[in-house]
Amino acid sequence: MGEDSPAARGSYFNYFTEVEEHFQRARGTGLFLLSPIDWALLEGWKNAGVPLEAVLRGIDLAFENWRSRKRKFQQINSLTFCTQLVMAEAKLMAEAGTARRREVQAPFSLDELRTHLAGAGRQLREQAGYGEIADALDRLQAGAESHYADLEQLEQRLTALEEKMAAIARTRQPEDHLFRARRELDLTLRPYRSKMSAEQLAMLERHYLERRLLEDAGLPRLSLFYLR
């Protein structure tokens with residue numbers, strides 16, 4: 001995609017929605033919804049800095065390959081089928097130096113950002129053991145105006161806090177809950193394991209289990225991608 005492509009001009013915060021809509025168009029089924037596994041995979045790509053353009057190209061190539069086969073396997077029904085091609089495109093872009101820092105246009109106001117940080121902090125203070133993270137959110141809220149000027153960096157800070165929050169939640173979750181979550185994940189991933197490397201699977205498993213941990217513990221999502 002060129003400098004003037006919609007993806008290049010789009011907001012950093014359209015990463016999830018652009019991928020979902022692009023996948024739906026490529027698949028030809030507008031009502032198709034991404035699964036929890038897909039969202040965990042997307043979060044991993046976003047956190048790893050995989051360019052949106054690489055994801056969209058990888059999706060297109062996956063469907064082109066699928067349509068070119070005389071004997072087609074089942075319809076592509078998950079982003080996991082596109083993983084190898086997405087990562088290959090990301091590598092090509094990095095080697096060619098075409099991966100650019102995207103313009104960040106906030107789809108929310110400064111006041112909405114402050115409310116998001118304050119609300120998450122209050123929610124964390126209602127549960128014991130998360131006071132340090134709540135304090136960090138208070139500091140971010142106090143400097144919200146300066147952080148609003150560099151939302152990509154703020155998102156990185158919030159991602160680090162979410163990872164810390166998930167680590168605390170993991171130590172408190174009963175062992176049988178963790179076992180069930182891992183078993184469900186293993187069953188869900190079974191059809192896709194051959195499509196992904198061990199490193200990619202490890203990343204996906206981590207993000208999926210973190211999402212489950214936060215949901216099960218009733219903890220807030222800090223990421224700005226949930227401030228929509």
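Note that the structure is predicted; figures quoted are calculated from it, not measured.

The rules behind each value
- Residues numbered from 1 in each chain as written.
- Predicted model: local features only at pLDDT ≥ 70, side-chain atom pairs only at ≥ 80, totals over all residues.
- Heavy atoms only, no water.
- Axes fitted to C-alpha atoms, helices over the stretch in contact; angles between N-to-C directions.
- Helix = DSSP H or I, 4+ residues; strand = E, 2+ residues; numbered from the N terminus.
- Parallel < 35°, antiparallel > 145°, perpendicular 65-115°, else oblique.
- Left-handed = near helix turned anticlockwise from the far one by under 90°.
- Contact = heavy atoms within 4.5 Å.
- Nonpolar A, V, L, I, M, F, W, Y, C, P; charged D, E, K, R; others polar.
- Phe/Tyr/Trp six-rings, centres within 6.5 Å; stacked < 30°, edge-to-face > 60°.
- Core = buried A, V, L, I, M, F, W, Y, C linked by side-chain atoms within 4.5 Å.
- Buried < 20%, exposed > 50% of the residue type's maximum accessible area, 1.4 Å probe, protein only.
- Polar contact = N/O pair within 3.5 Å; in protein donor to acceptor, adjacent residues only side chain to side chain.
- Salt bridge = Lys/Arg side-chain N within 4 Å of Asp/Glu carboxyl O.
- pLDDT = per-residue confidence, 0-100.

## Re the packing of helix α2 (residues 15-27) against helix α3 (residues 36-48)
Put simply, α2 and α3 touch, their axes get as near as 11 Å, and they point 130 degrees apart. Considering the angle they form, α2 stands oblique to α3. α3 is crossed by α2, and the crossing has right-handed handedness. Along its contact with α2, which presents Tyr15, Phe16, Val19 and Glu20, the element α3 presents Trp39, Leu42, Glu43, Trp45 and Lys46. Of the residues that constitute the contact of α2 with α3, the class distribution is 6 nonpolar, no polar and 3 charged.

## Topic: the packing of aromatic side chains
Think of a pair of aromatic rings as described by two things: how far the centres are apart, and how the planes are tilted against each other in angle. For the coordinates displayed, the defined rule picks out 5 aromatic pairs. Ring pairs connect the aromatic residues Tyr15, Phe16, Trp39 and Phe225, which therefore count as one cluster.

## Comments concerning the nonpolar core
Core analysis: the biggest nonpolar cluster contains 65 residues, and Trp45 and Leu113 have the highest contact counts within it. Per-element accounting of this core gives the leading share, 8 residues, to helix α4 (residues 52-68). Sequence-distant contacts of Trp45, that is, excluding residues within four places in its chain, are made with Tyr15, Val50, Val55, Leu79, Thr83, Val86, Met87 and Met203.

## Points about the side chain of Ser78
With respect to the secondary-structure elements, Ser78 resides in the loop between α4 and α5 (83-96). For Ser78, the side chain forms a polar contact with the side chain of Asp38, separated by 2.7 Å.

## Quick word on the pattern of salt bridges
One pass over the structure, following the stated rule, counts 15 salt bridges. Across the pair Lys46 and Glu155 runs a salt bridge, and its minimum N-O distance is 2.6 Å. Here Glu155 lies in helix α9 (residues 151-172) and Lys46 lies in helix α3, a separation of 109 residues in the sequence. For the pair formed by Lys46 and Glu155, the shared burial category is buried. A salt bridge links Arg206 to Glu210; its shortest N-O distance comes to 3.5 Å. Taken together, the positions of Arg206 and Glu210, both in helix α11 (residues 198-216) and 4 residues apart, correspond to about one turn of that helix. Relative accessible area serves as the criterion here: at 12%, Glu210 is assigned to the buried category. Salt bridges linked by common partners bring Glu43, Glu162, Arg211 and Arg221 together as one network.

## Observations regarding the confidence of the model for the protein
Residues at a pLDDT of 70 or more form 88% of the protein, whose mean pLDDT is 84. Every residue in residues 1-10 is under pLDDT 50, and counting partners more than four places away or in other chains gives 20 contacts.

## What about the environment of Ala169?
Positionally, Ala169 belongs in helix α9. Assessed through its relative accessible area of 5%, Ala169 is described here as buried. Taking the C-alpha atoms as reference points, Ala169 and Leu219, separated by 50 residues in sequence, lie 8.8 Å from one another.

## Re the environment of Met93
Relative to the helices and strands, Met93 is located in helix α5. Overall, Met93 belongs to the buried group, its relative accessible area being 4%.

## Quick look at the packing of α2 against α4
Packing of α2 against α4 leaves a shortest axis separation of 10 Å and a crossing angle of 15 degrees. On the basis of the axis angle, α2 is roughly parallel to α4. Considering how the two elements wind past one another, α2 and α4 form a crossing that is right-handed. Packed against α2, whose contacting residues are Tyr15, Glu18, Val19, His22, Phe23, Ala26 and Arg27, the element α4 presents Leu52, Val55, Leu56, Ile59, Asp60, Phe63 and Arg67 at the interface. For the contact of α2 with α4, the residue count by class is 9 nonpolar, 1 polar and 4 charged.

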